[in-house]
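# An overview of the molecular structure
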Number of protein chains: 2
Amino acid sequence: MSSPELLLSNQLCFLVHRLDRLINARYKPLLSALGLTYPQYLAMLALWERQELGVGELCEILDLDTGTVSPLLKRMESLGFVERQRRSDDERAVTVRLSEAGRALEEKARTVPGALASCLLRSEAEYGELKALLSGLIERLDERACGESGL
Amino acid sequence: MSSPELLLSNQLCFLVHRLDRLINARYKPLLSALGLTYPQYLAMLALWERQELGVGELCEILDLDTGTVSPLLKRMESLGFVERQRRSDDERAVTVRLSEAGRALEEKARTVPGALASCLLRSEAEYGELKALLSGLIERLDERACGESGL
DNA sequence: CGCAATAATGTAGTACGCAATATAAACTAC
DNA sequence: GTAGTTTATATTGCGTACTACATTATTGCG
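These remarks concern the structure in this document. All values derive from a computational prediction rather than experimental measurement. Along each chain, residue indices are assigned from 1 in the same order as the chain's sequence is written. Chain letters start at A and ligand numbers start at 1, both assigned in the order the entries are written. Local features are withheld for residues below a pLDDT of 70 in this predicted model, meaning they are given only at 70 or higher, and side-chain atom pairs are given and counted only at 80 or more; totals for whole chains, interfaces and linings count all residues. Processing note: side-chain calculations cover all non-hydrogen atoms of the structure and skip hydrogens and water entirely.

## Some details on helix α4 (residues 66-78) of chain B
All names here are of chain B. Counted at 1.5 Å a residue, the expected span for α4 with its 13 residues is 18 Å, and the 18 Å between its end C-alpha atoms agrees. Relative accessibility decides the category of a residue: with a 1.4 Å probe and only protein chains considered, values under 20% of the type maximum give buried, values over 50% give exposed, and everything between is partly exposed. Numbering of helices and strands starts at the N terminus; helices are DSSP runs of H or I of at least 4 residues and strands are runs of E of at least 2. If you check which residues of α4 are buried, you get V69, L72, L73 and M76. Buried residues of α4, seen end-on, are gathered within an arc of 100° and therefore sit on one face of the element. For α4, exposure combined with an orientation more than 90 degrees from the buried face picks out K74 and S78. Throughout, a contact is declared for two residues whenever any of their heavy atoms are within 4.5 Å. Among the structural elements, α2 (38-50), α3 (55-62), β2 (82-86) and β3 (94-98) are those in contact with the buried residues of α4. Just downstream of α4 lies G80, where phi reads positive at about 90°. The span you would expect from a helix comes to 1.5 Å times its residue count less one. Throughout, the arc means the angular range of directions from the helix axis out to the C-beta atoms.

## Observations concerning the pattern of salt bridges
All names here are of chain B. Any carboxyl oxygen of Asp or Glu that lies within 4 Å of a side-chain nitrogen of Lys or Arg is treated as forming a salt bridge with it. Scanning the entire structure with this criterion turns up 18 salt bridges over all chains. Its salt-bridge partner being R84, residue E77 comes within 3.2 Å of it at the nearest N-O pair. R87 serves as the salt-bridge partner of D89, at 3.2 Å between the closest nitrogen and oxygen. With a relative accessible area of 61%, D89 lands in the exposed category.

As structure tokens, then:
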């Protein structure tokens, strides 16, 4: 029989993975009412915040590869939420801007986070605690390989 | 400008999503040394625990669709880690069993969770706290649609 | 003019959810 | 008790997404 460290129910990774998929499933009906998928919603959050972004900037914000973001933006453009334009002063770069429809969507999206929070959270304090905990874990993993090659 | 509830950095969903992908990335090199992907590893954890499972049981344990698990098992079978056999007493059902190679892999996998934990966690207490917190959130989302249909 | 840097695109493999299908078992009606 | 319906189980197909790797295009520097 398995030793306790290999029990599925003891794996934090499994809990995080499961929670991520459950959250995703909760968002899905709310977002499909807006015409967005979950990753598209995250990209829209970034754009509502900044209005205009380079593709590279968006990749950094979302921590995604350009190979992921490029087709994502292509779909969002064909849906009419964003416009892409190659920069005239640097022909390598592409600027992503909200369209009118994309800006209009922000108003409709305003109720979305609250709907999820009411499912997930019991108090403002819990929100803060969770945010701090998750941010801490992310920071530890993001920095560098832990044991290896110290610093 | 965005209202605070739409700020990307304030979204727990984004933090969970990001953490999940970071964990996944950390596991990848460890698991590819075993010849497994991350979801395959989770399936193996379940099998090491139970030796023999129906496809449906595995779907429930992992909380995955049969449409996800079926091709996953097909790949794992072609890799030689599991065997699938239609049950004689119920031709609808398929039983999944570990192969010899699959059983042998457990020994090599024993060091994997600890490697991640040393990256992620600072203490045993933190592990317990996180496990309780995440489990609680999962339970809330798993139960049913929150506001809807009372009860 | 080459060479390196940066950004965008393309490709292959895996994963996930949903819908449709095939087959088998169980249940209902008469 | 058999015919027809319903339920259960697994597989397949489709659309979207993420990752790693390779390729292409533009720019800036030596």
